[in-house]
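Now for the letters of each chain:
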Amino acid sequence: MVEMIGPYRVHDRLGVGGMGEVYKAYDERLDRWVAIKRIRPDRLDSEDNRERFKREARATAKLNHPSIVHLYGIFQEDESDCIVMEYVEGETLDRILANGPLDAYRVASLGYEIASGLAEAHSNGILHRDLKAENIIITGKGRAKILDFGLAKPLLDQELDPMLTGKGQLVGTSRAMSPEYVGGDAIDHRSDLFSLGVLLYECSTGKSPFKAHNTLATLKQVMLHRQTPVHEINTDVPPTMSELIDRLLAKEPAKRPQSAEDVAVEFGQILSQMSSSTIDLPGGGFVRSSTSSGTAEGTTSLRAFSASDTVLDLRAPRRWVPIVSILAVLVVGAFMLGYFLQQPKRNSLADGEVIQIVLGEFENNTSDPQFENTLAQAFRVGLEQSRAIQALPPSQIREALQRMERPADTELDRDVAVEIARRENAEGVVLGSIAQVGPQYVLTAEVVNPHEDTSRHLAKQVVEGDTRVLAALDELTRDVRAYLGESREAIQRDSRPLERVTTARLAALEAYTAGVAQVENGDPDAAVGFFRRAIEIDPGFAMAHAKLVVLHSNEGNRSLAERHVGLALAESDRLTDLEKLYVEGWAARWNGSSEDVVEVWRLMSELHPVYEAHLNLGLSYWFYYAQYAEAEKAFAAALTLATSELERQNCRWFLGYSALAQDNVEAARMHFEHLDGTDYQLALADLARATGDSSSAESFLNSIVEESVESDYRKGLVLLDQKLNRQAEKLFLDSLRLLSTESSLSQEELNLALGAAVVQMADYSVSRPLGRSVEILVENATVNPLSVDGRPSSSKVSFLASIGKAEARAGLVQQASGRLETLRSSPESLPISTAFVAILEGEIMVARGDNEDAVELFEGSLKQFDLWQLRESYAFALRAGGYKTKAESQREILLSRRPLAVVECINMCFSQAAAAMQYQDLLSDSWPELSSSTSEEL
């Protein structure tokens, strides 16, 4: 037997036919079984035929319907064309029919399922042309799937091809051909409907309506013979279904139903009528019918046909599925209780265990647009109340789709969601739907095992009126959470009604959902408008207020953000636990309570371990307390939960600098290697500076294609490292002049201002006071103490303290004292700020000759914060006071902590230029001779 066909490992030959052979094969790349149809070269014997075949196969591959076997792709091996298809475990319908006709209910179900698949194909311009029982496979769950879509059409020359081959054999199956097909007339989708009528006639009666002793006789029957009505052969078949099959078999296309959609609707109605007539289906099974054609008395069950098969499978294109979906649900309503009692529950989740799911499409099978995306968002909110179940975030879904070479807006239907779940190693796929019949709404939720692509659980809720839809959705989310293994106690503890945590006003929820979509699409301005609209409809919509907190903070509008914090917390019982912690984190941050901020993020990371919680915890440790080891742990945890490349890059950036701050150069290098673009070059430049390699730092910076303020600033620092102070000053000032002077300056602009100021005062004398341009920038700088993510990256405290420190050393004590008074009156009370205030206060003491007081102040501050800048001021005070032994000891410590001198001011303070100048002093041989005092330590 063939071992390989292309990249696929052959396991077994499934069959041989007129076109070629079909094999079961394994795709090792995607870890799945496939079916490969290898077509004989003579069946596509011209390049035109091959090209038509390829075009048709590409079109067919776009079909996505549970009643159609999916075509994955085509390729050519040697002289044969190969089709790669979904492998389906099951039995073809012709083999099942070999044992006799089927029960009328099952025939109606097959009619609905096959008509649904045909409707999907016809809506995409695809005809089957060879629909017959041999091309229908019945899966282990009882689902009908259509095989060989589009394979007949390419074998024909346009629409009027001759029907006979050179040997007088028909292309296709004579008993299933439509009269217009046999007559050589143009055909359309109604030809497939005629073939469907033949198939259903065979299913109902066990015989073909037209088949005769030879092909030509059969064709004559197709053209001229009027079939015996199904009801006359099998009296169990309802007259309405018999009449529908007769219409499908009408000789003239105009007298048949005009679309597959219409056929599916009619079969849905028939199913409803059969259900309301309380038809006895032994065991709810896939059964044989007892008919007058001589089958055995009674019924024989082939397999259990559960409610899940019917509810899940009776789906159709959205233009008409609302009616049919509800009818299908009503058909099986009597069987639902028994079905759920037999559902195998997933193993219970252990305490602290977290599983991931892919939340797929929530189909709106109603005509009401307010349900289009709204219920999907509410369903996600309901599931995310769980601490144990996490839905993959949109960013991770988009990245998965990108790797699958699919558009970012691809709908997450079952097939796509299952593939994503496999790729991302998710535990399950959860799908949902809503449909309507009269005043009733039916909501369903399905849990799919992605590794087996099998439905494992189905939940259903039926409610009167749209006002009860969210309550029904609540029950569905609880049902799904219970099935996935969450304990009853946990569900009760972590569940709040969706109407409370979202809104009871569907219009408000619709606006909120649109806002969330705009955030994900990167349009925050549009998102603000939608969230405001949601609040106009429901002023107490706490989650909408919470979203505005973040958006207004990101745009720097603190007053509006604080207003929405208050409004959100006023309705805190309408926030999920996760949202409530997030809002409380913002409130604590602005109130200046760093202890509360850390506690909120710590609690959030423990109860709801998400990326944002761990990242914010790490940022708080870093920027509030300079606790780099604790920050590193939090960033590492955030990395494991990051779901997008941007998030992973962010974690790597902070992990690298955290490691560098602790003098772990190799760990920093390892993290920086994962960065891209300019971030990579800037980080490597900082790493080179930290290890004293100025030439490499310069090389990394020069390799940056698009220069920026950040790169210019770092180039100035490299010049300071090389003791090229005046060149550095010129670079700082030239770069600064290119920037517009505004009332609020960016961190990078302030860095440039400080860099120029430090160099101008490098000789520590009043002979070079601050340049007027720099002084204007310093005095007019209005800087928000906290940036959008909670870190004091633009802290005016550290900025003014650094300027004041330089002024004090230049002898400008009055100016430095003025800055100290400004800082003391500032509402800024972050722990790190107290360290910078102490630096400035101590430097002023040294400038006034109060060295002993300065030393005492610095020693007390170092017990709380071991900052490089604080220790450098301590060494300076020791040196000025003549404490040579202690001063030399501190000098050695400072020199050994070169990486910390570089890292400490990354986004935290503005004294990198000062640190570069001070490091030069520490290396100088004249450093111990600053003071003429001979006194020693007391």
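Quick caveat: nothing in here was measured; it's all calculated off a predicted structure.

Colleague: Let's hear about the overall build of the protein chain: which residues, and what values?
Modeller: What the protein chain contains, in helices and strands, is 42 helices and 16 strands. For the protein chain, the residues scored as buried account for 58% of the 938 residues in total. Long-range contacts, defined as pairs at least 24 residues apart, comprise 63% of the intrachain contacts of the protein chain with a sequence gap of at least 6. Surface exposure of the protein chain reaches about 38700 Å², of which carbon and sulfur atoms provide 48%.

Colleague: Help me get a handle on the environment of Ser 433, residues and values and all.
Modeller: By the secondary structure assignment, Ser 433 is in strand E14 (residues 428–437). Linking Ser 433 and Asn 364, residues 69 residues apart in sequence, is a C-alpha distance of 5.9 Å. The contact partners of Ser 433, leaving out residues within four places of it in the chain, are Phe 362, Glu 363, Asn 365, Val 442, Leu 443 and Thr 444. In this structure the side chain of Ser 433 is engaged in a polar contact, spanning 2.5 Å, whose partner is the side chain of Thr 444.

Colleague: Help me get a handle on unusual backbone geometry, residues and values and all.
Modeller: One can expect most non-glycine residues to show negative phi and most peptide bonds to be in trans. Look at Arg 129: it is not a glycine, yet its phi comes out positive at around 75 degrees. Overall, Arg 129 belongs to the buried group, its relative accessible area being 7%. We note that Glu 405 has phi near 60 degrees; this positive angle belongs to a residue other than glycine. Looking at the element boundaries, Glu 405 is found in the loop between helix H14 (394–403) and helix H15 (414–424). Residue Glu 405 is classed as exposed on the basis of its relative accessible area of 75%.

Colleague: So what's going on with the nonpolar core? Which residues, and what values?
Modeller: If you look at the biggest cluster of nonpolar residues, it comprises 110 residues, and the most contacted ones within it are Trp 622 and Leu 720. The element that contributes the greatest number of residues to this core is helix H25 (residues 611–625), accounting for 10 residues. Counting 56 residues, the second-largest nonpolar core is a separate cluster that includes Val 480, Ala 511, Ala 542 and Met 543.

Colleague: Help me get a handle on helix H36 (residues 813–824), residues and values and all.
Modeller: Here H36 contains 12 residues, and its C-alpha end-to-end distance of 16 Å stays within 8% of the 16 Å for a straight helix at 1.5 Å per residue. When we look at burial in H36, the residues that qualify are Val 813, Ala 816, Ser 817, Arg 819, Leu 820 and Leu 823. All buried residues of H36 project into a common sector of 160 degrees when viewed along the axis, lining one side.

Colleague: Residues and numbers for the sheet that holds strand E16 (residues 454–464), please.
Modeller: Strand pairing in a sheet is mediated by backbone hydrogen bonds. Such pairs are either parallel or antiparallel. Pairing is mixed across the open sheet formed by five strands, whose spatial order is E13-E12-E14-E15-E16. Both outer strands of the open sheet, strand E13 (389–391) and E16, are each paired with one neighbouring strand and no more. Shown here is a sheet whose adjacent strand axes are inclined to one another by a mean of 25 degrees, direction ignored. Pairing geometry for E14 and strand E15 (residues 440–449), over nine bridges, is antiparallel. Of the residues in E15, the one forming a bridge with Ala 435 is Val 442. Lying on the sheet, helix H16 (residues 469–483) is in contact with strand E12 (355–365), E13, E14, E15 and E16; it crosses E16 at an angle near 155 degrees.

Colleague: Break down the pairing of strand E8 (residues 136–139) for me, with residues and values.
Modeller: Because side chains alternate across E8, one face comprises the buried residues Ile 136 and Ile 138, and the other comprises Ile 137 and Thr 139, equally buried. Here three bridges tie strand E7 (residues 90–92) to E8, and the two strands are oriented antiparallel to one another. Bridging from a neighbouring strand, Glu 91 pairs with Ile 138 of E8. Examined bridge by bridge, E8 and strand E9 (residues 144–146) share three bridges and lie antiparallel to one another. Note that in E9 the partner of Ile 136 across the bridge is Ile 146. Where E8 hands over to E9, the hairpin turn is made up of four residues, of which Gly 142 adopts a positive phi near 90 degrees.

Colleague: Which residues make up the pairing of E16, and what are the values?
Modeller: Two strands pair when backbone bridges link them, and E15 and E16 are joined in this way by 10 bridges, in the antiparallel orientation. Across the sheet, Val 442 pairs through a bridge with Val 462, a residue of E16. The turn joining E15 and E16, which pair antiparallel and follow one another in sequence, is formed by four residues; a positive phi near 50 degrees is taken by Asp 453.

Colleague: Which residues make up the environment of Gly 142, and what are the values?
Modeller: Checked against the element boundaries, Gly 142 lands in the loop between E8 and E9. Along the sequence, Gly 142 and Arg 106 sit 36 residues apart, while their C-alpha atoms lie 9.5 Å from each other.

Colleague: Describe the pattern of salt bridges, and please don't skip the residues or the numbers.
Modeller: Evaluated as defined, the whole model comprises 44 salt bridges. Among the ionic contacts, a cluster of salt bridges with common partners joins Glu 399, Arg 403, Glu 424, Glu 645 and Arg 648.

Colleague: Summarise the sheet that holds E7; cite the residues concerned and give the values.
Modeller: Here three strands make up an open sheet; going across it, the order is E7-E8-E9 and the pairing antiparallel. A strand with exactly one partner marks an edge of an open sheet, and here the two such strands are E7 and E9. The average undirected angle you get between the axes of adjacent strands in this sheet is 30 degrees. Strands E8 and E9 of the sheet are contacted by helix H3 (residues 104–123), whose axis makes an angle of about 35 degrees with E9.

Colleague: Tell me about the packing of aromatic side chains, residues and numbers included.
Modeller: One pass over the full model with this rule turns up 18 aromatic pairs. Ring centres of Trp 653 and Phe 654 lie 5.0 Å apart, and the angle between their planes is 80 degrees; on these two criteria the pair is classed as edge-to-face. Taking the relative accessible area as the measure of exposure, Trp 653 reaches 15% and is therefore buried. Take Phe 654: its relative accessible area is 3%, and that puts it in the buried class. An aromatic cluster of at least three residues, connected via ring pairs, comprises Trp 622, Phe 623, Tyr 628, Phe 635, Trp 653, Phe 654, Tyr 657 and Phe 672. One Lys or Arg, Arg 32, reaches over the ring of Tyr 72 and ends 3.7 Å from the middle of that ring.

Colleague: I'd love a proper account of the side chain of Asp 474, names of residues and values included.
Modeller: Its place among the elements puts Asp 474 in helix H16. Despite its burial, Asp 474 pairs with no opposite charge; the closest candidate is Arg 478, at 4.9 Å N-O.

Colleague: With reference to specific residues and values, describe the environment of Thr 513.
Modeller: Mapped onto the elements, Thr 513 comes out in helix H19 (residues 506–520). Take Thr 513: its relative accessible area is 9%, and that puts it in the buried class. The spacing of Thr 513 and Gln 377 is 136 residues in sequence and 6.2 Å in space, taken between C-alpha atoms. In this structure Thr 513 touches Asn 373, Thr 374 and Gln 377, once residues within four positions along its chain are discounted.

Colleague: Mind laying out the packing of helix H37 (residues 831–847) against helix H38 (residues 851–862), listing which residues take part and the relevant values?
Modeller: Relative to each other, H37 and H38 sit at 160 degrees, their axes nearing to 8 Å. The orientation of H37 with respect to H38, classified from their angle, is roughly antiparallel. Relative to H38, H37 is oriented so that their crossing is left-handed. Contacts between H37 and H38 involve Ala 838, Ile 839, Glu 841, Gly 842, Glu 843, Met 845 and Val 846 from the former and Asn 851, Asp 853, Ala 854, Leu 857, Phe 858 and Ser 861 from the latter. A class-by-class count of the residues in the contact of H37 with H38 yields seven nonpolar, three polar and three charged.

Colleague: Before we move on, can you summarise helix H13 (residues 374–384) with the specific residues and values?
Modeller: In terms of burial, H13 is largely enclosed, as nine of its 11 residues are buried. Of the positions making up H13, those classed as buried are Thr 374, Leu 375, Gln 377, Ala 378, Phe 379, Arg 380, Val 381, Gly 382 and Leu 383.

Colleague: Could you give an account of the confidence of the model for the protein chain, naming the residues involved and the relevant values?
Modeller: On average, residues of the protein chain score 78 in pLDDT, and 80% of them are at 70 or above. Mean pLDDT values for the elements of the protein chain range from 25 in strand E11 (residues 301–304) up to 95 in H38. Overall, residues 782–794 carries pLDDT values under 50, and its contacts beyond four positions in sequence, including any with other chains, amount to 45 contacts. Low pLDDT, under 50, characterises residues 931–938; the predicted model gives this stretch 18 contacts beyond four residues in sequence or across chains.

Colleague: Give me the packing of helix H24 (residues 594–607) against H25: which residues, what numbers.
Modeller: At their nearest, the axes of H24 and H25 sit 8 Å apart, and the two run at 155 degrees to each other. One element, H24, and the other, H25, form an angle in the roughly antiparallel class. For the pair H24 and H25, the crossing hand works out as left-handed. Judged by residue contacts, Ser 594, Glu 595, Val 597, Val 598, Trp 601, Arg 602, Met 604 and Ser 605 of H24 engage Ala 613, His 614, Asn 616, Leu 617, Ser 620, Tyr 621, Tyr 624 and Tyr 625 from H25. Split into classes, the residues belonging to the contact of H24 with H25 amount to nine nonpolar, five polar and two charged.

What counts and how
- Every residue gets a number counted from 1 within its own chain, in the order that chain's sequence is written.
- Where local features are concerned, this predicted model is filtered to residues with pLDDT of at least 70; where side-chain atom pairs are given and counted, the filter is 80 or more; whole-chain, interface and lining totals use all residues.
- Side-chain metrics rest on all non-hydrogen atoms present in the structure, leaving aside hydrogens and water.
- The way it works is that DSSP assigns letters per residue, a run of H or I at least four long becomes a helix, a run of E at least two long becomes a strand, and they are numbered from the N terminus.
- Exposed residues in this analysis have more than 50% of their type's maximum accessible area, buried residues have under 20%, and partly exposed residues fall in between, with area computed by a 1.4 Å probe over protein chains only.
- Here a residue-residue contact requires only that any non-hydrogen atoms of the pair lie within 4.5 Å.
- Note on areas: these come from Shrake-Rupley sampling with a 1.4 Å probe, and a residue is covered only by the protein chains present in the view.
- Polar contact criterion, stated in full: a pair of N or O atoms within 3.5 Å, where within protein one must be able to donate a hydrogen and the other to accept it, and residues adjacent in sequence count only if both atoms are side-chain atoms.
- Nonpolar cores are built from buried Ala, Val, Leu, Ile, Met, Phe, Trp, Tyr and Cys residues. Side-chain atoms within 4.5 Å join them into one set.
- Expected span, for any helix, means 1.5 Å times one less than how many residues it has.
- To obtain the arc, one takes the directions from the helix axis to the C-beta atoms.
- Strands pair, by our definition, only if DSSP identifies at least two bridges between them.
- Axes here mean lines fitted to C-alpha atoms, for a helix over just the part in contact, with angles spanning 0 to 180 degrees between N-to-C directions.
- Here, a salt bridge means any side-chain nitrogen of Lys or Arg that lies within 4 Å of a carboxyl oxygen of Asp or Glu.
- In this analysis, rings of Phe, Tyr and Trp, with Trp reduced to its six-membered ring, are considered paired at centre separations within 6.5 Å, and the interplanar angle assigns stacked below 30 degrees, edge-to-face beyond 60, and tilted for intermediate values.
- The criterion for a charge sitting over a ring is simple: Lys NZ or Arg CZ within 6 Å of the ring centre, and within 35 degrees of the ring normal.
- When charges are counted, neither His nor the chain ends are considered; positive counts come from Lys and Arg and negative counts from Asp and Glu.
- Our angle categories are set so that under 35 degrees counts as roughly parallel, over 145 as roughly antiparallel, 65 to 115 as roughly perpendicular, and the remainder as oblique.
- The sense of a crossing depends on the near helix, which, turned anticlockwise from the far helix by less than a right angle, makes the crossing left-handed and, turned clockwise, makes it right-handed.
- When residues are grouped by polarity, Ala, Val, Leu, Ile, Met, Phe, Trp, Tyr, Cys and Pro land in nonpolar, Asp, Glu, Lys and Arg in charged, and all others, Gly among them, in polar.
- Residue-level confidence of the predictor is what pLDDT reports, using numbers from 0 through 100.

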